[in-house]
Structure formats: structure tokens, C-alpha cells
Amino acid sequence: MAHPSQLGFQDAASPIMEELLHFHDHALMAVFLISTLVLYIITIMMTTNLTNTSAMDAQEIEMVWTIMPAIILIVIALPSLRILYLMDEINDPHLTVKAIGHQWYWSYEFTNYEDLMFDSYMLPTQDLTPGQFRLLEVDNRMVVPMESPIRMLISAEDVLHSWAIPSMGIKVDAIPGRLNQTTFIASRPGVFYGQCSEICGANHSFMPIVIEATTLTHFQEWSSSMLES
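Residues numbered from 1 in each chain as written. Predicted model: local features only at pLDDT ≥ 70, side-chain atom pairs only at ≥ 80, totals over all residues. Heavy atoms only, no water.

**Student:** Describe the pairing of strand β2 (residues 105-110), listing the residues and the values that go with them.
**Tutor:** Moving residue by residue along a regular strand, the side chains alternate between the two faces of the sheet. Here β2 lies mainly inside the structure; five of its six residues are buried. The pairing of strand β1 (residues 95-102) with β2 spans six bridges and is antiparallel. What sits directly across from Ala99, in β2, is Tyr108. Hairpin geometry of β1 and β2 is characterised by an intervening segment of two residues between the two adjacent antiparallel strands. Relative to strand β3 (residues 117-120), β2 runs antiparallel, the two sharing four bridges. By the bridge assignment for β3, Trp106 is matched with Ser120. Hairpin remark: β2 followed by β3, antiparallel, with six residues in the connecting loop. (Buried < 20%, exposed > 50% of the residue type's maximum accessible area, 1.4 Å probe, protein only. Helix = DSSP H or I, 4+ residues; strand = E, 2+ residues; numbered from the N terminus. Pairing = 2+ DSSP bridges.)

**Student:** Explain the packing of aromatic side chains to me, and be specific about the residues and the numbers.
**Tutor:** According to the stated counting rule, one finds nine aromatic pairs in the structure shown. On the numbers, 6.4 Å between centres and 65° between planes, the contact of Tyr113 with Phe219 is edge-to-face. Taken together, the residues Tyr113 in the loop between β2 and β3 and Phe219 in helix α3 (residues 216-228) connect sequence positions 106 residues apart. When its relative accessible area of 3% is taken as the criterion, Phe219 is described as buried. (Phe/Tyr/Trp six-rings, centres within 6.5 Å; stacked < 30°, edge-to-face > 60°.)

**Student:** Break down the domain arrangement of the chain for me, citing the residues and quoting the values.
**Tutor:** By convention, interface size is frequently given as the accessible area that disappears when the constituent parts associate. As far as domains go, the chain holds domain 1 (15-47 + 58-88) and domain 2 (95-228). Taking only C-alpha atoms, the centre of domain 1 and the centre of domain 2 are 36 Å apart. If you look at the interface, domain 1 gives six residues, while domain 2 gives seven residues. Approximately 430 Å² of surface area, both sides summed, lies buried where domain 1 meets domain 2, with 57% of it carried by carbon and sulfur atoms. Looking only at domain 1, the three residues that lose the most surface to domain 2 are Pro15, Met17 and Met87, adding up to 75% of its buried area. Run the count over domain 1 and domain 2 and you get zero residue pairs in polar contact (both at pLDDT 80 or more). (Domains from an automatic or database assignment. Contact = heavy atoms within 4.5 Å. Buried area = accessible area lost by both parts, 1.4 Å probe. Polar contact = N/O pair within 3.5 Å; in protein donor to acceptor, adjacent residues only side chain to side chain.)

**Student:** Got a sec to walk through the environment of Ser197? Specific residues and values, please.
**Tutor:** Along the polypeptide, Ser197 turns up in the loop between β9 (190-195) and β10 (208-214). Ser197 sits in the partly exposed class, given a relative accessible area of 35%. Between the C-alpha atom of Ser197 and that of Glu221, which follows or precedes it by 24 residues, the distance is 32 Å. Other than its neighbours up to four places away in sequence, Ser197 contacts Ser162, Ala164 and Lys171.

**Student:** Outline the nonpolar core, listing residues and values.
**Tutor:** Taken as a class, soluble globular proteins show a tendency for nonpolar side chains to be buried jointly. One finds Tyr108, Phe110, Met142 and Trp163 to be the most contacted residues of the largest nonpolar core, which totals 33 residues. Elements that contribute at least two residues to this core include exactly β1, β2, β4 (142-145), β5 (149-156), β6 (161-165), β7 (170-174), β10 and α3. Element by element, the count of residues in this core is highest for β5, at four residues. Setting aside its immediate chain neighbours within four residues, Trp163 contacts Ala99, Trp106, Tyr108, Met142, Met152, Ile154, Ile170, Lys171, Val172, Ile209 and Ile211. (Core = buried A, V, L, I, M, F, W, Y, C linked by side-chain atoms within 4.5 Å.)

**Student:** I'd like a description of the sheet that holds β4, backed by residues and values.
**Tutor:** With respect to topology, three strands assemble into an open sheet ordered β4-β10-β9, the strand pairing being mixed. In this open sheet, the two strands that pair with only one neighbour each are β4 and β9. If you compare each strand with its neighbour and ignore which way they point, the axes differ by 25° on average. Strand direction decides the pairing type here: β9 and β10, joined by six bridges, are antiparallel. Within β10, the position partnered with Val191 by the bridge is Glu212. Across the sheet, α3 lies against β4 and β10, angled at about 140° from β4, the strand it touches most. (Axes fitted to C-alpha atoms, helices over the stretch in contact; angles between N-to-C directions.)

Below, the structure written as C-alpha cells:
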């Protein structure tokens with residue numbers, strides 16, 4: 001969960017988000033080195049008399065400032081491509097959940113079960129209990145087992161929505177008439193919050209997403225209680 005004075009990202013709750021955080025630090029270090037070099041060159045140019053005319057035709061300098069950007073782009077691109085392939089890889093999911101965006105709530109269908117489906121509405125402020133977050137808590141959380149590959153099928157009923165969980169490294173558009181797919185693994189138990197990240201209408205900021213990652217035993221108990229109700 002993000003804090004008001006937080007400067008960095010939320011703590012990673014999935015292997016993909018851990019890779020994204022490492023890549024962010026890797027790219028930020030490259031940006032820091034480039035910025036330092038440019039600042040140094042600007043300082044030298046402003047404090048040095050440019051009287052050396054041999055710099056007007058320096059093939060070595062031109063070669064360096066042509067090759068260096070290419071090397072930097074390769075150093076950034078290769079880890080980025082690796083993470084893109086990891087995000088698209090779906091290998092034998094243990095559970096498939098379909099999320100459908102509506103104006104302005106989410107509905108979930110657990111396709112491995114015959115009748116396990118429910119709607120998830122934001123809780124009004126007057127119904128919150130101590131410890132719950134305003135504008136983020138819902139009446140029905142999406143409960144999933146931790147350390148299990150979960151496949152998400154995401155679509156929308158009316159307009160564009162976006163199913164996003166920052167701590168999971170997930171942000172997938174929900175498009176009417178189209179079924180998008182992603183996967184995640186919750187690496188630890190907990191409750192993880194997200195929101196619709198598409199401007200889908202007047203109340204688009206009032207359709208939160210809540211994932212509760214728990215043990216397999218508790219998930220089985222929850223699914224049985226939902227099916228009975």
C-alpha cells in the first residue's frame with residue numbers, strides 16, 4: 001500500500017514486479033550517468049576558453065558520441081525485452097479469473113468453478129470499519145491462492161476500463177468486445193489495492209480493485225462459502 005510521503009514504488013508482491021523494480025533502478029543509473037556526463041561537459045564548455053581549433057575536425061570524438069548512445073540503448077533494451085517476454089509468458093495456470101469492467105464496478109468469474117461469480121463495488125465511506133481505506137475498499141475482494149500462477153482474462157461491458165494492481169506489476173486495458181490476457185503470481189500473503197487506470201467516465205476513480213492473496217486452504221474455504229451463498 002502506498003503512503004502519502006512515499007517517493008518510490010510500492011513493495012513488490014509478484015516476481016514480475018520485482019523484475020520491473022530492478023529494471024527501473026538499472027535504467028535510472030544509466031540516466032544518472034548520462035546526466036552527470038552532460039553536466040560535466042556543459043561546465044567545461046562554460047569555464048574553458050575554446051582556443052583549440054583541432055576540435056573542429058576530430059573523428060575520434062564523433063566516433064565516441066555515435067557509439068556510446070548505441071551501447072547505452074542496447075544495455076537498456078535487452079533487459080526490457082526480457083521482462084516483456086516474461087510478462088507475456090503463461091505456463092500452466094492453476095486458476096483462471098475473468099474480470100469484466102462496468103460503469104462503475106468490476107465483476108469477477110472464476111472459470112474453474114461452475115457458479116463462482118460476483119460483483120465488486122466500492123464501499124461507501126459510512127460503511128468503512130477501522131483499518132479500511134477510503135475509496136479503495138470493496139464489498140467483495142478477489143481472493144486467490146498465493147504462490148500459484150493466476151491467469152486473468154480482462155474485458156469490459158460498456159466503455160474502456162483498465163485493470164491495474166501496482167504492487168503486482170499489472171496494468172491491462174479492459175476493452176469491450178476484446179479479451180485481454182495477463183498472468184501473475186502472488187509471492188506473499190496480503191491485501192493488494194488498485195484502481196481503474198482509464199478515464200472511463202464521471203466515477204472512474206470509484207471502481208477500486210482489491211486482491212487478497214492467501215493460503216490454498218483458506219482459498220478453498222472461501223470458494224466453498226461463496227458457492228454456498
